[in-house]
Amino acid sequence: MQDRIKYWKGIEELEKTPEFEKNAHNEFPEFLPVNEANGGESTGKTQRRDFLKLLGFSVAAVSLASCEAPVRKAIPYLNKPVDVEPGVANWYASTYFQNGDYNSILVKTREGRPIKIEPNPTSTLTPYGTSPKAQGSLLGLYDHNRLHHPLIKGKEAKWEDVDKQIRAALANVSGKVAFVSSTIISPSTKKLINEFGARFANFEHVTYDANSASGLLQANGGVIPGYDFSKANVIVGINADFLGTWVAPVPFAKQYIQNRKVDADNPSMSRHYQFETVYSLTGANADVRVPIKPSEEAALVTALYGVVTGRGAASGAQAQAVASVAKELQANRGRALVVAGSNDPAIQSMVTAINSALGAEGTTINTAAPFYVKQGNDANMIRLVNEMNAGTVGAVFFYDANPVYNHPLAAKVVSGLKKVGLKVSFADRVEETAKFVDFVTPDHHYLESWNDFEPRRGYLSLGQPAISPIFTTRQMQDSLLAWSGNSTNYYEYLRNNWRSVATAGNFNDFWEKVVHDGVLENGSSMLNITASTPAAVSATPKKVASGAVEAVLYEKVSIGTGELTNNPWLQELPDPISKATWGNYIAMPRKMAEELDVVQGDVLKVTFANGESIELPALMQPGQASGTVGIAVGYGRNVEAMPVANGLGANAYPISTVVDNVVLYTGTVKLEKTNATSPIAQTQTHHTIMDRLVVQSNTLAEYKKNPKEVTEYIRIATHEGPTKPATISLWDDYEYKNHHWGMVIDLNSCIGCGACTMSCNVENNIPVVGKAEVLNRREMHWMRIDRYYSAVEHEEKDYATMEDPAENPSVIFQPMLCQHCNHAPCETVCPVAATMHSSEGINQMVYNRCVGTRYCANNCPYKVRRFNWFAYANNDKFNMNEPMNNDLGKMVLNPDVTVRARGVMEKCSFCVQRVQLGKLEAKRENRRPKDGEIVTACAQSCPTEAIIFGDMKDAESRISKVLARQQGERAFHVLEELNTQPNVTYLTKIRNLA
């Protein structure tokens, strides 16, 4: 009998737990009142404390006109700025870079305020799509918790006083002057830092990264190889989340997906093997995923090296998998790539040798164009910490670096700072390290700054301000110039530095073009980092005591290493795998949980090897390697100026250790069960799919046999035999005379990163509701990424005798939004016609008509409608959580989209405001809109072009061609048997299984 794939959303659905069975079919849970009396830990009820603690965007009127009082009436411009047309957007090319996450971007401004970030199509490195963090970074611009003035000894000061005192201190400095930063990819900034340091007899620029790649750099001569996943037929990842958080996720995602799109004309795709401990975004996209312990990593890499080079045989716990992978790598010599995320130089040097033996240079690796996005040197930072404690450091500057929070030697950093004469931080608020400095000289937000970037050799980009500085801050580079006695501002310094790469002709013309385009990718390089001798090839398997629990630290796609923890948009974005929001947790396999008698939400005490401990709730994570736990970094903040982050989770960085002058992010821990519980706010697991056909997948082998049979199509019985549900209907079909808007989502291309969800939130003014409301199943996201676990269900076998599918299931991601049904169930039940169908195929919501019956949501089989249980805007209960509640936060709102009121239903609108704008632009030019001119926010922000939006009435449009080609093959509608006839079509996911 043919095997059938069984899909399930989470362990609670798989096991049919009593609590899940009780609530799965209750779409609208009973009202849970705000509990103002209970100040203790969460009891499952909404607490006023949860509402009030989160954001702290205090009320402050800010405008470019510097109005002290809010404007109460509409007034015309008397002297209109040249670049500002009311109602018309301006765009500025710029660059987002943080902790390896690089995006060349366009910043959309309205009336002088940035409101949206989009990809810069001029860039070849990131021509489409952005990361969720890049999208969410916009909100940080309007964070009133940023410092408004510089500080001296914790008190507000004037810049003149700050400059005077710092100059005086530098003139009499004794000992080393150190400039500590995270990776800087700005050529002009690095040059300026070196010039600043040249004045001192002993100066050092120390670079360290919170999630270090020092081992990778040592193994490759100080640079990150120029990986190209698009040229690889076989990809092997070893604890490297290259699609989510490792090195350069957006460029890598663009490369990776080029060999993963399939059609009947080209039925081929790369094969991806992933060995990892924590279930990562990359592991979820792999064809074959093998869970491993951190202690097994060195042995696995050594065995793989031995087989590939012919110097050994596969051995160890994963011998069979290693032998199979090595054979395939050898068969694809010159078209194979192996990457590892370990920070152990020995492991990385072995991986470098494997790639060399496979002939990767010139194809999957381009050493002439390395990446510069990670430059941290662990040994240098460790040496500096010891020097501070020895009293030989006279001055230290911290730029985008917070070692008191995220370095394993944090305690020594604190003690060392007490012995340093001059301590300066450029932090935008008083964070963990800034508490211990003498001067805090706040830097501008990147959207208020000029800068340049070189993420990869030969790929230059610029950042330009899209708004005047909101507070009395100053760009770090301008501060260095001021303290050096240089009267030049940084803009002129930057501009002059670019003369070295200017093409022939007038420099002003060249400069204006680069500023306009945002990028210069003609092979010019300004950083020119010289590679040194790589580390020797060696790797020693780690010995771990039998039965010891191994812990591994990892980054969440939305939170990263913690720089953006104070951002409520990113806090509410669900983790792609666990679907958890608002905090970190202990991810553990179910078998371990059963052995410890732990259920999800039980709080465990985690004791590290160094004696420190934290307490976090447990989360059952299928696919987590046996005998291991995973904990996300970036949480556990205790900073007054970060009210969103305070009290969320715990700081896991102390697990990291220093071994042979490098930082390793694994270690053994002891787990103890406490009597406390803490609910984990997850999305998606609120209801069951009732074993219905919602998502589909198949194998490449089956696709090659017959593309027409990889997708299951629903047929209903009639007297004439099985037929499509659409052939029998009581509905009158719509006739679309002008436009018919639709969407195609390729499940093969969707990597589940969540960029589309974040982009939709920003574009459509979607409110943040907070942890308590997520627990109440009231998140407001119009677009979500459903994560489905899957395993083959062998119908001829007794289910009890099967291998437990929860141990290491496969994962499929499915973006889910309003399907804009042609036979929409919501439209028939609305008593006031608030939900209605447009003449162009869009299911519309007329907010002013909606009376909040929620009939439409109850009748929607896709569960994509959202109800405003509260007036999230201008509501004291959400004042600390919702940016719509204060004048500064409101500057981020899109004026083209209504802010919804309490009691009103809302949902995806296919970004109807963008559709209307595109039509009006075309009408003004007396033509039809061109294909690609009108793009929804989700499609525009997808880094893998998984989402295609367009006019299905245009036969030459991209969406029409895809539908014509995939009809009857991979194209399917969700819940087709209901005959809702959606305007959103999905393409079946294809896996390249061995």
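Here is a short report on the structure shown in this document. (Residues numbered from 1 in each chain as written. Predicted model: local features only at pLDDT ≥ 70, side-chain atom pairs only at ≥ 80, totals over all residues. Heavy atoms only, no water.)

### Description of a nonpolar patch on the surface
A surface patch of nonpolar side chains, about 360 Å² in accessible area, is lined by Leu-730, Trp-731 and Tyr-734. Under the relative-accessibility criterion, Tyr-734 is labelled partly exposed at 36%. (Patch = residues over 30% accessible without salt bridge, like charges linked within 9 Å, V, L, I, M, F, W, Y side chains within 5 Å. Areas by Shrake-Rupley, 256 points an atom, 1.4 Å probe, with all protein chains shown as cover. Salt bridge = Lys/Arg side-chain N within 4 Å of Asp/Glu carboxyl O. Buried < 20%, exposed > 50% of the residue type's maximum accessible area, 1.4 Å probe, protein only.)

### Quick word on the sheet that holds strand β23 (residues 613-620)
Sheet architecture is closed into a barrel: six strands sit in the order β19-β24-β21-β23-β22-β27, paired in mixed fashion. Mean inter-strand twist for the sheet, computed between neighbouring axes without regard to direction, equals 45°. Two strands pair when backbone bridges link them, and strand β22 (residues 602-607) and strand β27 (residues 666-677) are joined in this way by five bridges, in the antiparallel orientation. Each residue of the ladder has a partner; that of Asp-602, found in β27, is Thr-677. (Pairing = 2+ DSSP bridges. Helix = DSSP H or I, 4+ residues; strand = E, 2+ residues; numbered from the N terminus. Axes fitted to C-alpha atoms, helices over the stretch in contact; angles between N-to-C directions.)

### Focus on the state of the cysteines
If you walk through the whole model with that rule in mind, you get zero disulfides. The structure places no disulfide on Cys-821, whose sulfur is separated from the nearest cysteine sulfur, that of Cys-818, by 6.4 Å. The exposure class assigned to Cys-821 is buried, which follows from its relative accessible area of 6%. No disulfide involves Cys-860; its sulfur sits 6.6 Å from that of Cys-826, the nearest cysteine. A relative accessible area of 7% places Cys-860 in the buried class. (Disulfide = S-S within 2.5 Å.)

### Focus on the packing of helix α7 (residues 187-197) against helix α18 (residues 490-497)
Two numbers describe how α7 lies on α18: the axes approach to 10 Å, and their chain directions differ by 110°. Classified by the interaxial angle, the pair formed by α7 and α18 is roughly perpendicular. Contact residues: α7 offers Pro-187, Ser-188, Thr-189, Lys-191, Leu-192 and Glu-195, while α18 offers Tyr-490, Tyr-493, Leu-494 and Asn-497. Looking at the contact of α7 with α18 residue by residue, the classes come out as five nonpolar, three polar and two charged. (Parallel < 35°, antiparallel > 145°, perpendicular 65-115°, else oblique. Contact = heavy atoms within 4.5 Å. Nonpolar A, V, L, I, M, F, W, Y, C, P; charged D, E, K, R; others polar.)

### What about the side chain of Asp-443?
Along the chain, Asp-443 falls in the loop between β15 (439-440) and β16 (451-456). A polar side-chain atom of Asp-443 sits 2.8 Å from the main-chain amide nitrogen of Met-476. (Polar contact = N/O pair within 3.5 Å; in protein donor to acceptor, adjacent residues only side chain to side chain.)

### Some remarks on the packing of helix α11 (residues 297-309) against helix α12 (residues 319-331)
The geometry of α11 relative to α12 is characterised by a closest axis approach of 9 Å and an angle of 45° between their N-to-C directions. It follows that α11 is oblique to α12 by the angle criterion. Handedness of the crossing formed by α11 with α12: right-handed. Across the interface between the two elements, Leu-300, Ala-303, Leu-304, Val-307 and Val-308 of α11 pack against Val-322, Val-325, Ala-326, Leu-329 and Gln-330 of α12. Residue classes in the contact of α11 with α12 are distributed as nine nonpolar, one polar and no charged. (Left-handed = near helix turned anticlockwise from the far one by under 90°.)

### Thoughts on the pattern of salt bridges
Enumeration over the complete set of coordinates arrives at 35 salt bridges. Across the salt bridge formed by Glu-276 and Arg-289, the nearest N and O atoms sit 2.6 Å from each other. With a gap of 13 residues between them, Glu-276 in strand β10 (residues 271-276) and Arg-289 in strand β11 (residues 288-291) connect regions that are remote in the sequence. Just as Glu-276 is buried, Arg-289 falls in that class too. Among the salt bridges present, the one from Glu-906 reaches Arg-900, with a minimum N-O distance of 2.9 Å. For Arg-900, a relative accessible area of 6% translates into the label buried.

### Focus: the packing of aromatic side chains
Tallied over the entire structure, the rule returns 33 aromatic pairs. Between Tyr-227 and Phe-229, the aromatic rings sit 6.4 Å apart at their centres with planes inclined by 45°, giving tilted as the arrangement. The class of Tyr-227 is buried, set by a relative accessible area of 3%. Residue classification places Phe-229 among the buried residues on the basis of a relative accessible area of 0%. Among the aromatic side chains, those forming a connected cluster through ring pairs are Phe-179, Phe-196, Phe-200, Phe-203, Phe-397, Tyr-399, Phe-426 and Trp-483. The ring of Phe-507 carries Arg-499 above its face, with NZ or CZ at 4.2 Å from the centroid. When the ring centre of Tyr-405 is taken as reference, the NZ or CZ atom of Arg-637 above it lies at 4.0 Å. (Phe/Tyr/Trp six-rings, centres within 6.5 Å; stacked < 30°, edge-to-face > 60°. Lys NZ or Arg CZ within 6 Å of the ring centre and 35° of its normal.)

### Focus on α18
By the burial criterion, the buried members of α18 are Tyr-490, Tyr-493, Leu-494, Arg-495 and Asn-497. Against α7, β16, β17 (459-463), α17 (476-483) and α19 (507-517) lie the buried residues of α18. In this structure Asn-489 caps α18, since a side-chain oxygen of it lies 3.2 Å from the backbone nitrogen of Tyr-491.

### A closer look at the pairing of strand β24 (residues 628-632)
Buried residues dominate β24, accounting for five of its five residues. Going residue by residue along β24, you find Thr-628, Gly-630 and Ala-632 tucked away on one face and Val-629 and Ile-631 tucked away on the opposite face as well. Bridge count between strand β19 (residues 549-554) and β24: five bridges; the pairing is parallel. Residue Val-552 lies in a different strand from β24, and its bridge partner there is Gly-630.

### A closer look at the environment of Tyr-142
Relative to the helices and strands, Tyr-142 is located in the loop between α5 (138-141) and β5 (151-152). A residue is classified by how much of its surface remains accessible, and Tyr-142, at 0% relative accessible area, is buried. Between the C-alpha atom of Tyr-142 and that of Lys-890, which follows or precedes it by 748 residues, the distance is 8.4 Å. There is a polar contact of 2.7 Å between the side chain of Tyr-142 and the backbone oxygen of Pro-114.

### Some points on the sheet that holds strand β12 (residues 336-340)
A sheet is described by the order of its strands in space; here four strands give the open sequence β11-β10-β9-β12, paired in parallel fashion. Each edge of the sheet is formed by a strand with only one pairing partner; in this case those strands are β11 and β12. Here the average twist between neighbouring strands, direction ignored, is 10°. One ladder, built from four bridges, connects β10 with β11; its direction is parallel. Each bridged residue has a counterpart across the sheet, and for Glu-276 the counterpart in β11 is Pro-291.

### Quick look at empty space enclosed by the protein
Inspection of the entire model under this criterion finds 18 cavities of 30 Å³ or more. Of the voids in this model, the second largest cavity is the one considered here, and its volume is about 780 Å³. Around the second largest cavity, the lining comprises 46 residues; the ones closest to its centre are Asn-239, Gly-341, Val-552, Leu-553 and Tyr-554. Contributing elements (two or more residues each) for the lining of the second largest cavity: β10 and β19. When residues in the lining of the second largest cavity are grouped by element, the largest group, three residues, is from β19. (1 Å grid on protein atoms, 1.4 Å probe; cavity = no way out; pocket = protein on both sides within 12 Å on 5 of 7 lines; lining within 4 Å. Points joined across faces, edges and corners; volume = space filled by probe spheres on them.)

Keep in mind these numbers describe shape, not what the thing actually does.
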